[in-house]
Amino acid sequence: MQTPLGSLFRFGPFQVNSLSGELLKNGNRVKLQEQPFRLLVILLENAGEVVAHDDLCHRIWHDHTFVDFEGSLRVAVRKLREALGDDAENPRYVETIPKRGYRFLVSEVHRVDAAHEAAETRKDPDSLKTKAIPVAFVDVDHNLNAAVKIREVLGNSAESPRFVETLPGQGHRFMGKSEAQVQPVVPVVTVEPDRGFHRRRMWLKIGAGVLAISVIALAVLVADRWHRQQSPQEQEALTAVPFTALPGRATSPAFSPDGSRIAFEWTGDQAHGTEAFDLYVKALGSETLLRLTQHPSEWISSAWSPDGTQIAFHRIDGAGTGIYVVPALGGPEKKIHSTRIADNDFAHISWSPDGKWIAFADRLPPGEHERIYLLSMETLETRQIPISPTYVTEGLPAFSHNGEYLAYWCFRNNYEGTLYSLRLPDGKPKMIASFWGPNGLTWSADDKKLIYSLFKGRGWHELGEVTVADGLAKRLALEGSALRPTVSPKGDKLAYSSLSVSSTIWRRDLLHPETPAIELMPSSRIQFEAQYSPDGRRVAFASLRSGVMGVWISNEDGSNLIQISNPNHMSGSPQWSPDGNKIVFDSRPLDRFEIDVADVAERKPRKLVTNITGAFRPHWSRDGKWIYFSSNEPGRAGVYRCPASGGDAVLLSKAIDGASPQESFDGKTIYFASHDGALPVKKVPVPGQPGTESVVGGLPRLSDPDLWTVSPGGIYFVPAEARRSVRYFDFASKQIRPIFEVDKGFGGGLSVSPDGRWILYSQDRSVTGDIMLVDHFH
């Protein structure tokens, strides 16, 4: 049910005006942000009824694709309860219905609609002199010119408003109190028998015209506000210029304490033939590079000491993985702590403003998941920060400039991140907001905002900023892919990494792996996750060739390309049905995963309807009756299967980081990997019971959850310790043999033809990046 224009709700000491966006308590305005207020109105509209999570998310954010719905909804509920003084455990107003949604307790609500108020006004026109008549709120910045023009017409002053009042941070409204009294207009009509009818008609026309103009003006204001609410908040376009213009890839910038230099990692001239990084420093306005390390490594992430004399860096390099320090002007490096980190994003470190601590993530037994630790620079001892049992991993710590807070990301899986702030030294973590795919974090100079980067697809990232106090986020309007931001100490400059990735699909002869591979479906855009059809005559794959990542099919030689996914929705992970007539794949229409099934002949994808949300990376059963998938639904993450026609899913494993389930060729076993490749491949018998999974003995850890495929006799895979090598694990002998090597990194996906002769894979043609610089940032 939609709220009529101008509806009022009263409950307890509170009054809600759905039109003006005001929440009053005993007549005094209560501060409440936009999303929590919209949540309140929706709950009031349906008082006494349970409103489902999905309905709330759709109505509050509509087609907004920037935030994580579930996490942001939890934040909105929390802020609403804070404004109402409500208790989640013993609610008076907002009740949580587990796994379903929320309900406003009906006994507390009284409603007065606009028609009733209008009737009361007609009975007593003088009441307009003392009653506030909030017409509509509109965005201050977006409609500033309109507000100025309205004031000019009315002879109104912004400083001493009589009619149009500006509400900081909210918008504008037309006033109706004594400061802007509205006198009822009583037309004097001279009764003339021969003209009365026409004069009354004239006054009716005038009245109708005035009313029409008022309605149109109101509609414009309300429509404009609605449009603003449905569009992602975004700054004006920021202009970035290259700070580096080097061959290869430069990434992970870090400003010096005085803002005059930037440390970053760079692959150099890549004469060694592989992408490996060393640490460099470059001053603003100079093209001179200072190389600080002479040990090309898989990854490096750095942080300056507060006095600017040293740079700490987290190196990923096999047995040499750990935290090091090196003089900022050059000199020998020194390892101060060994770590077991394997993921580049989790190598991020931060040095506290007082110089006493370095915050970092590490993976330690028994959990084998990343957690955040503080390394004492005096004793070199470490201590772990408080953890949340609802999250699997933590990472990307960042000290505030005043040293009072540590911000960091918590992850339920490799995709969903929730931003937290911890007051030091012994405070409790405070949740700020949730997002999909975070991989960077830094504070604004005034410590009021956090700037971050979000993964939007292979090779594509965006920057955003969120206000720490209220969790309101906006996208930073930058051209191109942007990630790993850093802000200068004065806050006037923003630096970040750009990234350009080109991946192509290749076919190699497994009988003669030494022969050169053949490129299929040539494109300048990213292409990966290629899969052979059951008859080996067609190929399904994911491609960015249309501008949005989608699922395509072609002949085995790469000809006759056809897109079968919705061109407006990011899609990938295609898998053929056993009969070759359908393709199942995952899609993200509203920044949340779902599974679609497309008939190859019809080319019309349809959503697979099941009781589990957040489903991704599907795979057919060998008999075509089931579809296996992973889910990141909060509280119900794991590996599932459901009927291929749709229906309730059955939980096979509670492994919250389980991914890419594949059925064995005899249909008796399900294999699955982990999101980040950190855990071994596991198996569970079909139909599967939670708790019965086990590790596939003898199979090394994977480099990526997409880089493996089951064959009748074993598994082809890319190991974590040799990321440019395809190997084969034999089920019977438990032996591993090398198949072939590549000279560049793999993209996602491996597929072997039905006859076992050919293998498809994707390979990075080029991965380049520069450090970009925005001047006059804030």
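Residues numbered from 1 in each chain as written. Predicted model: local features only at pLDDT ≥ 70, side-chain atom pairs only at ≥ 80, totals over all residues. Heavy atoms only, no water.

J.: Help me understand the overall build of the protein in this model?
T.: A tally of regular secondary structure across the protein gives 6 helices and 58 strands. Out of the 778 residues in the protein, the part that is buried amounts to 53%. Sequence-distant contacts, at least 24 apart, represent 46% of the contacts inside the protein between residues at least 6 apart. (Helix = DSSP H or I, 4+ residues; strand = E, 2+ residues; numbered from the N terminus. Buried < 20%, exposed > 50% of the residue type's maximum accessible area, 1.4 Å probe, protein only. Contact = heavy atoms within 4.5 Å.)

J.: What am I meant to see in the sheet that holds strand β54 (residues 725-730) here?
T.: Backbone-to-backbone hydrogen bonds join strands into a sheet, with any given pair of strands oriented parallel or antiparallel. Taking strand neighbours across the sheet as the criterion, the 4 strands line up as β52-β53-β54-β55 in an open arrangement whose pairing is antiparallel. Strands at the two margins of the open sheet, each flanked by one partner only, are β52 (708-710) and β55 (736-741). Going across the sheet, the axis of each strand differs from the next one's by a mean of 20 degrees, ignoring polarity. Looking at chain direction, β54 and β55 are connected through 5 bridges and run antiparallel. Across the sheet, residue S725 finds its bridge partner in β55, namely E741. (Pairing = 2+ DSSP bridges. Axes fitted to C-alpha atoms, helices over the stretch in contact; angles between N-to-C directions.)

J.: Would you mind showing me how to read the sheet that holds strand β44 (residues 615-620) here?
T.: Spatial strand order, β44-β45-β46-β47: 4 strands in an open sheet with antiparallel pairing. Only two strands of the sheet have a single partner each, and these edge strands are β44 and β47 (650-653). If you compare each strand with its neighbour and ignore which way they point, the axes differ by 30 degrees on average. Two elements, β44 and strand β45 (residues 626-631), share 4 bridges in a ladder whose sense is antiparallel. Bridge assignment links A615 to a residue of β45, and that residue is S631.

J.: Looking at this model, I keep getting lost on the confidence of the model for the protein. Mind explaining?
T.: Any residue range with low pLDDT should be treated as having predicted coordinates unsuitable for detailed reading. Considering every residue of the protein, the mean pLDDT works out to 82; 79% of them sit at 70 or more. Scored below 50 in pLDDT, residues 1-5 shows 18 contacts in the model against residues more than four places distant or in partner chains. The low-confidence segment residues 176-201, where pLDDT is below 50, has 25 contacts with residues more than four positions distant or belonging to other chains. (pLDDT = per-residue confidence, 0-100.)

J.: Help me out: how do you make sense of helix α1 (residues 34-45) in this one?
T.: Residues lying three or four places apart along an α-helix face the same way, a consequence of the helix completing one turn every 3.6 residues. Its 12 residues place the ends of α1 17 Å apart at the C-alpha level, agreeing with the 16 Å of an ideal helix rising 1.5 Å per residue. Taken together, the buried positions of α1 are E34, Q35, P36, F37, R38, L39, L40, V41, I42, L43, L44 and E45. (Expected span 1.5 Å × (residues − 1).)

J.: Any chance you could explain the pattern of salt bridges here in plain terms?
T.: Note on pairing: side chains with opposite charge can pair once their charged atoms come close. Within this structure, the stated rule accounts for 23 salt bridges. Two residues, E721 and R727, come together in a salt bridge whose shortest N-O distance is 3.9 Å. A residue is classified by how much of its surface remains accessible, and E721, at 53% relative accessible area, is exposed. Through salt bridges with shared partners, a single network forms among D492, K493 and D775. (Salt bridge = Lys/Arg side-chain N within 4 Å of Asp/Glu carboxyl O.)

J.: Any chance you could explain unusual backbone geometry here in plain terms?
T.: What you tend to see is this: most non-glycine residues have negative phi, and most peptide bonds are trans. Backbone torsion omega between L424 and P425 reads 5 degrees, so that peptide bond is classified as cis. Along the chain, P425 turns up in the loop between β26 (416-423) and β27 (429-436). Notably, E529 is not glycine yet its phi reads approximately 55 degrees, a positive angle. With respect to the helices and strands, the residue E529 is situated in strand β36 (residues 527-532). In the Ramachandran plot, R617 falls in the positive-phi region, its phi being about 50 degrees despite a non-glycine side chain. Tracing the sequence through the fold places R617 in strand β44.

J.: I'm lost on the pairing of β54 in this one. Help?
T.: In regular strands, side chains alternate between the two faces of the sheet. Sheet topology note: the strand β53 (residues 714-717)/β54 ladder contains 4 bridges and is antiparallel. Residue pairing in the sheet places Y716 in a bridge with Y728 of β54.

J.: Help me out: how do you make sense of the packing of α1 against helix α2 (residues 53-61) in this one?
T.: For any two helices packed against each other, the geometry is given by the interaxial angle and the distance between the axes. One can describe the packing of α1 onto α2 by two numbers: an axis separation of 10 Å at closest approach and a directional angle of 125 degrees. One element, α1, and the other, α2, form an angle in the oblique class. As for the relative orientation of α1 and α2, their crossing is right-handed in sense. In this structure, α1 uses Q35, R38, L39, I42, L43 and E45 to contact α2, whose residues at the interface are L56, R59, I60 and W61. For the contact of α1 with α2, a count of residues per class yields 6 nonpolar, 1 polar and 3 charged. (Parallel < 35°, antiparallel > 145°, perpendicular 65-115°, else oblique. Left-handed = near helix turned anticlockwise from the far one by under 90°. Nonpolar A, V, L, I, M, F, W, Y, C, P; charged D, E, K, R; others polar.)

J.: It is not clear to me how the side chain of R371 should be interpreted in this structure. Could you clarify?
T.: Topologically, R371 is positioned in strand β22 (residues 369-376). The exposure class assigned to R371 is buried, which follows from its relative accessible area of 14%. Polar contacts involving the side chain of R371 include one to the side chain of E394, which spans 3.4 Å. Setting aside residues no more than four positions away along its own chain, R371 makes contact with F360, A361, D362, Q384, I387, S388, Y391, V392, T393 and E394. (Polar contact = N/O pair within 3.5 Å; in protein donor to acceptor, adjacent residues only side chain to side chain.)

J.: Please explain the environment of K604 as it appears in this structure.
T.: With respect to the helices and strands, K604 occurs in the loop between β42 (594-599) and β43 (605-607). Remark: the alpha-carbon pair of K604 and N566, spanning 38 residues in sequence, is separated by 7.9 Å.

J.: So what exactly am I meant to see when it comes to the side chain of R507 here?
T.: Residue position: R507 is located in strand β34 (residues 500-509). In this view, R507 contacts A517, I518, L520, Y532, E556, W758, I759 and L760; residues no more than four positions away in its chain are not counted.

J.: What should I look at first to understand the packing of aromatic side chains in this one?
T.: How two aromatic rings sit relative to each other is given by the distance of their centres and the angle of their planes. Evaluated as defined, the whole model comprises 24 aromatic pairs. Geometrically, the ring pair formed by F264 and Y280 is stacked, given 6.1 Å between the ring centres and 20 degrees between the ring planes. Of this pair, F264 sits in strand β13 (residues 261-266) while Y280 sits in strand β14 (residues 278-283), and the two are 16 residues apart along the sequence. Ring geometry for Y671 and F731: centres 5.5 Å apart, planes at 10 degrees, overall stacked. Within this pair, whereas Y671 is found in strand β49 (residues 669-674), its partner F731 is found in the loop between β54 and β55, the two being separated by 60 residues in sequence. (Phe/Tyr/Trp six-rings, centres within 6.5 Å; stacked < 30°, edge-to-face > 60°.)

J.: Please clarify how the pairing of β53 should be interpreted in this entry.
T.: Where β52 meets β53, 3 bridges bridge the pair, whose relative direction is antiparallel. Bridge pairing in β53 places V710 opposite I715. A loop of 3 residues connects β52 with β53, the two strands running antiparallel in sequence.

J.: Looking at this structure, how should I read the environment of I300?
T.: Along the chain, the position of I300 falls in strand β16 (residues 299-304). The exposure class assigned to I300 is buried, which follows from its relative accessible area of 1%. C-alpha of I300 to C-alpha of T251: the two residues are 49 residues apart in sequence and 9.1 Å apart in space. In this view, I300 contacts S252, E265, F277, D278, L279, T293, F313, H314 and R315; residues no more than four positions away in its chain are not counted.

J.: Would you take a moment to explain the environment of G259 for this structure?
T.: Within the fold, G259 resides in the loop between β12 (250-255) and β13. A residue is classified by how much of its surface remains accessible, and G259, at 14% relative accessible area, is buried. Between the alpha carbons of G259 and L284 there is a distance of 8.5 Å; along the sequence they are 25 residues apart. Among residues more than four places away in sequence, those in contact with G259 are L284 and P489.

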